[in-house]
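Each chain is listed here by its residues.
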Amino acid sequence: MEDFDYLEGDEKLKAENEFMKMKLMLEKDASFGVGGEGVLPAETENEFLRNIIELEKQFEEHKTIKVFDKIGRPAHFKPVAEIPDEEIDNAWDDLSDHLDKYGISLDACSPNISKRELYRFTLEELFDYEMGDMNFPGMIHGFIYDEFHPDPVYDNTRAATDDCINYILQQEPLEWTHHFSDDGLRLNGHYPLSIDELKNIVNRFKEAYKSLEINEISTGNCIIDDKVSTVTGKYAVTATIDTDKHLLSGTWKVIFLLDEELGYWYITTIQINGINF
């Protein structure tokens, strides 16, 4: 850091701030807005810039540490097999609180993951995980259980319902198709389709109506059979043409295929009974 001792008070802080911003712009290609309404006080900006420089330094060092070492190598947590069912909630809460003290959190997206499984996973797997050894005020190292042990029943059910059937039946044009295969798609009797052809068919269907109002999209079940996953459910949509309202309803089915190389399930087939695309 340059020596700005010849300055005092805010003038010294402002000079330091400009020096740090120039350093970040030259070395890290950072950019900073022009001063105006909402400008930070010099002292707050100084602390912020120092933290950013320290964080960049730690990031470049690429230091790692096991989670167990990061949280002080605790020895008082019992193996999961020794904890009765009536005590597992408190045991997990104690373990979660201990992680939190060291800026570590563990969550699960799937509602099928129990506290007992979170406790087991933490002691038997997460403790041995090599994490980045970075220390920064207020920094949280967040872990998601599902990234280590995906739940395809939960993930595919949510993707079929929220990111497929809902997108197809809502009024807004179909644009976001992250879960879909790029080609070889089937929509009712249309096959094979590219992703662009699928979008065109769906969006022509939407354009035929003045409005589409989703009344229901519900899920029946999700079946995993090796590399094929099938999710089924029901839907009901009020479609308006001019002033006439029509109820579109029936069952739907979404089929996924597993890409083993990527470990990702892609939608290949959509069947929505009761709609003529």
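In this report, we go over the structure that sits alongside the text. Keep in mind the model is a prediction, meaning the values are calculated, not measured. (Residues numbered from 1 in each chain as written. Predicted model: local features only at pLDDT ≥ 70, side-chain atom pairs only at ≥ 80, totals over all residues. Heavy atoms only, no water.)

Moving on: the sheet that holds strand β9 (residues 244-259). Spatial strand order, β6-β5-β10-β9-β8-β7: six strands in an open sheet with mixed pairing. With partners counted over all chains shown, the strands left at the sheet margins are β6 (190-193) and β7 (211-225), one partner each. Taken pair by pair, the neighbouring strands of this sheet meet at an average axis angle of 25°, ignoring direction. By the bridge criterion, two bridges tie strand β5 (residues 185-187) to strand β10 (residues 264-272) in an arrangement that is parallel. Note on β10: the bridge partner recorded for R186 is T269. In the packing of helix α7 (residues 152-169) onto the sheet, the strands contacted are β7, β8 (228-241), β9 and β10, and the crossing angle to β7 comes to about 155°. (Pairing = 2+ DSSP bridges. Helix = DSSP H or I, 4+ residues; strand = E, 2+ residues; numbered from the N terminus. Axes fitted to C-alpha atoms, helices over the stretch in contact; angles between N-to-C directions. Contact = heavy atoms within 4.5 Å.)

This part is about the packing of aromatic side chains. Going through the model one piece at a time under the given rule, you end up with 10 aromatic pairs. Geometrically, the ring pair formed by F205 and Y209 is edge-to-face, given 5.5 Å between the ring centres and 70° between the ring planes. Y209 shares its class with F205; the two are buried. Taken together, the ring pairs in this structure connect F121, Y129, F143, Y145 and F148 into an aromatic cluster. R186 extends its terminal NZ or CZ atom over the ring of Y191, reaching a point 4.2 Å from the ring centre. (Phe/Tyr/Trp six-rings, centres within 6.5 Å; stacked < 30°, edge-to-face > 60°. Buried < 20%, exposed > 50% of the residue type's maximum accessible area, 1.4 Å probe, protein only. Lys NZ or Arg CZ within 6 Å of the ring centre and 35° of its normal.)

The gaps of empty space that remain are located by a probe, the size of a water molecule, rolled over the atoms. Each pocket or cavity is described by its volume, and for the second largest pocket that value is around 210 Å³. What lines the second largest pocket is P150, P152, D155, N156, R158, A159, H179, F256, G263, Y264 and W265. Mapped onto the lining of the second largest pocket, the elements with two or more residues apiece are α7 and β10. Broken down by element, the lining of the second largest pocket gets its largest block of residues, five residues, from α7. The residue makeup of the lining of the second largest pocket, split by class, is six nonpolar, three polar and two charged. (1 Å grid on protein atoms, 1.4 Å probe; cavity = no way out; pocket = protein on both sides within 12 Å on 5 of 7 lines; lining within 4 Å. Points joined across faces, edges and corners; volume = space filled by probe spheres on them. Nonpolar A, V, L, I, M, F, W, Y, C, P; charged D, E, K, R; others polar.)

Here the focus is a nonpolar patch on the surface. A grouping of M22, M25, L26 and F32 is seen on the molecular surface, where their side chains present a nonpolar patch of about 380 Å² in accessible area. Along the chain, F32 turns up in the loop between α1 (9-28) and α2 (42-61). (Patch = residues over 30% accessible without salt bridge, like charges linked within 9 Å, V, L, I, M, F, W, Y side chains within 5 Å. Areas by Shrake-Rupley, 256 points an atom, 1.4 Å probe, with all protein chains shown as cover. Salt bridge = Lys/Arg side-chain N within 4 Å of Asp/Glu carboxyl O.)

All told, the structure shown has zero disulfides when counted by the stated rule. In this structure C109 is not part of a disulfide, and its nearest cysteine sulfur, from C222, lies 16 Å away. For C109, a relative accessible area of 47% translates into the label partly exposed. The cysteine C222 is free of any disulfide, with C164 supplying the nearest cysteine sulfur at 13 Å. (Disulfide = S-S within 2.5 Å.)

A few words on the pattern of salt bridges. The final tally for this structure, using the stated rule, is 11 salt bridges. K115 is paired through a salt bridge with D93; the nearest N and O atoms lie 3.9 Å apart. Of this pair, K115 sits in helix α5 (residues 115-124) while D93 sits in helix α4 (residues 88-101), placing them 22 residues apart in sequence. You can call D93 partly exposed: its relative accessible area is 32%. It is possible to trace a salt-bridge network through shared partners that takes in E117, R120, E124 and E125.

Turning our eyes to something else, we now look at the side chain of H98. Of note, H98 is situated in helix α4. Reaching out from H98, the side chain makes a polar contact with the backbone oxygen of I71 at a distance of 3.0 Å. Each residue touching H98, except ones within four places of it in the same chain, is listed here: I71, P74, H76 and F77. (Polar contact = N/O pair within 3.5 Å; in protein donor to acceptor, adjacent residues only side chain to side chain.)

If you look at the biggest cluster of nonpolar residues, it comprises 33 residues, and the most contacted ones within it are L198, I270 and I272. Sorting the residues of this core by element identifies α7, β5, α8 (195-207), β7, β8, β9 and β10 as the ones contributing at least two each. Among the elements that line this core, the one with the most residues is α7, at six residues. Excluding anything up to four places from it in sequence, L198 contacts F180, L185, L187, L193 and I270. Membership of the second largest hydrophobic core comes to 23 residues, among which are V67, I83, F127 and Y145. (Core = buried A, V, L, I, M, F, W, Y, C linked by side-chain atoms within 4.5 Å.)

A pair of packed helices can be characterised by two numbers: the angle between their axes and the separation between those axes. Their axes nearest at 9 Å, the elements α4 and α5 cross at an angle of 45°. Overall, the two elements α4 and α5 adopt an arrangement that is oblique. Of the two elements, α4 crosses α5, and the hand of that crossing is left-handed. Note on element contacts: α5 touches α4 through K115, R116, L118, Y119, T122 and L123, opposite I88, D89, A91, W92, D93, L95 and L99. Of the residues in the contact of α4 with α5, the class split is eight nonpolar, one polar and four charged. (Parallel < 35°, antiparallel > 145°, perpendicular 65-115°, else oblique. Left-handed = near helix turned anticlockwise from the far one by under 90°.)

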